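# Reading the structure
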Amino acid sequence: MASRREQERIARVVLDAYGQTFAGVLSIPVERNTPSALFRLLCAALLFSARIRASVAANAARALADHGWTTPEKLAASTWEDRTRVLNGAGYARYDERTATMLGETAALLLDDYAGDLRRLREAAGHDPAAERRRLKAFKGIGDVGVDIFFREVQIAWVELYPFADRTALKAAERLGLPASAPGLADLVDTDDFPRLVAGLLRVHLAKAYDDIEAAARPAK
């Protein structure tokens, strides 16, 4: 494992080069903890958790917002045909029909069980991460991968989750010589930067950019 100084340097390089959350890319103000922002994040988690390129999932999430489907009420008022067409047009072709169904069912369940507000889910779970995970997995299309995505991004607002890092990010951290635990990683950066660091580690893994990060983090001779 790298020294503390080396770890801080590596973490800074990851933040500078790859440290943008998915919510940031999609302009979802998760930090505001509003019903709309949380719903958009849930839909994004559903889209990103499919076996599809992250860029395609991001395009699909943007397309939902562009069509005004930013609340469960608005999405529930759309037709399955409209959702399928929009997803297909965004390049989400392999999963468009099934995902259109899951999005509609997710919006309906959120309205029925939590009056369209994921903050009510949080309250019903007693701010307990394990209970929040169980309740989130009740939404069609949200499994453990989807919950991990949601947790990683929402921890800036749902403080009971902090510090959270998924297994892929922790493996990337270990490969770079960083602590392979969420608390260890959180000790390297400010609280507000931690979600960006975890997202950055995931992006490093997806881009297979380990050598580039290590090279950039080496001190100049």
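Residues numbered from 1 in each chain as written. Predicted model: local features only at pLDDT ≥ 70, side-chain atom pairs only at ≥ 80, totals over all residues. Heavy atoms only, no water.

Let's shift gears to the layout of surface pockets. Taken as a whole, the largest pocket spans an internal volume of roughly 490 Å³. Of the residues in the lining of the largest pocket, the class split is 9 nonpolar, 3 polar and 7 charged. (1 Å grid on protein atoms, 1.4 Å probe; cavity = no way out; pocket = protein on both sides within 12 Å on 5 of 7 lines; lining within 4 Å. Points joined across faces, edges and corners; volume = space filled by probe spheres on them. Nonpolar A, V, L, I, M, F, W, Y, C, P; charged D, E, K, R; others polar.)

Here the focus is helix α3 (residues 35–48). Its 14 residues give α3 an end-to-end C-alpha distance of 20 Å, which sits within 8% of 20 Å, the value for a rise of 1.5 Å per residue. In terms of burial, α3 is a largely internal element, 12 of the 14 residues being buried. For α3, the set of buried residues is A37, L38, F39, R40, L41, L42, C43, A44, A45, L46, L47 and F48. (Helix = DSSP H or I, 4+ residues; strand = E, 2+ residues; numbered from the N terminus. Expected span 1.5 Å × (residues − 1). Buried < 20%, exposed > 50% of the residue type's maximum accessible area, 1.4 Å probe, protein only.)

Turning to the pattern of salt bridges, a few remarks are in order. Following the criterion strictly, the structure yields 14 salt bridges and no others. One salt bridge connects R85 with D82, and the closest N-O pair in it is separated by 3.2 Å. Highlighted residues: R85 and D82, both in helix α6 (residues 80–89), separated by 3 residues, approximately one helical turn. Taking the shortest distance from any N to any O, the salt bridge between E105 and K140 comes out at 3.5 Å. Linking E105 in helix α7 (residues 96–114) with K140 in the loop between α9 (129–136) and α10 (144–154), this pair joins segments that are 35 residues apart in sequence. Residue K140 is classed as partly exposed on the basis of its relative accessible area of 48%. (Salt bridge = Lys/Arg side-chain N within 4 Å of Asp/Glu carboxyl O.)

What follows is about the nonpolar core. Soluble, globular proteins show a tendency: their nonpolar side chains are buried together. Among the nonpolar cores identified, the biggest contains 51 residues, and L118, L136, F139, F150 and W158 are the most heavily contacted of them. Of all the secondary structure elements, the ones that give two or more residues to this core are α2 (22–25), α3, α4 (54–66), α6, α7, α8 (118–124) and α10. The dominant element in this core, judged by the number of residues it contributes, is α3, at 11 residues. The residues contacting L118, other than those within four sequence positions of it, are L38, F39, L42, L110, L136, F139, F150 and W158. In this structure, L170, A173, L185 and L201 belong to the second largest nonpolar core, which totals 26 residues. (Core = buried A, V, L, I, M, F, W, Y, C linked by side-chain atoms within 4.5 Å. Contact = heavy atoms within 4.5 Å.)

Time to look at unusual backbone geometry. It is generally the case that most residues other than glycine have a negative phi and that most peptide bonds are trans. A cis amide bond links Y162 with the next residue in sequence, P163, at an omega value of -5°. With respect to the secondary-structure elements, P163 resides in the loop between α10 and α11 (167–175). Positive phi is not limited to glycine here, since H127 has a value of about 55°. Taking relative accessible area as the criterion, H127 reaches 31% and is therefore assigned partly exposed. At K208, a residue that is not glycine, the phi angle is positive and equals roughly 50°. Its place among the elements puts K208 in the loop between α13 (194–207) and α14 (210–217).

Within the fold, T21 resides in the loop between α1 (4–18) and α2. Side-chain polar atoms of T21 contact the backbone nitrogen of G24, separated by 2.9 Å. Ignoring sequence-local partners within four residues, the contact set of T21 consists of E153, P195, R196, A199 and R203. (Polar contact = N/O pair within 3.5 Å; in protein donor to acceptor, adjacent residues only side chain to side chain.)

Between α3 and α7, whose axes approach to 11 Å, the crossing angle comes to 150°. Crossing of α3 over α7 shows right-handed handedness. From α3, F39, L42, C43, L46 and L47 reach across to α7, where they touch T99, M102, L103, T106, A107 and L110. Across the contact of α3 with α7, the residue classes tally to 9 nonpolar, 2 polar and no charged. (Axes fitted to C-alpha atoms, helices over the stretch in contact; angles between N-to-C directions. Left-handed = near helix turned anticlockwise from the far one by under 90°.)

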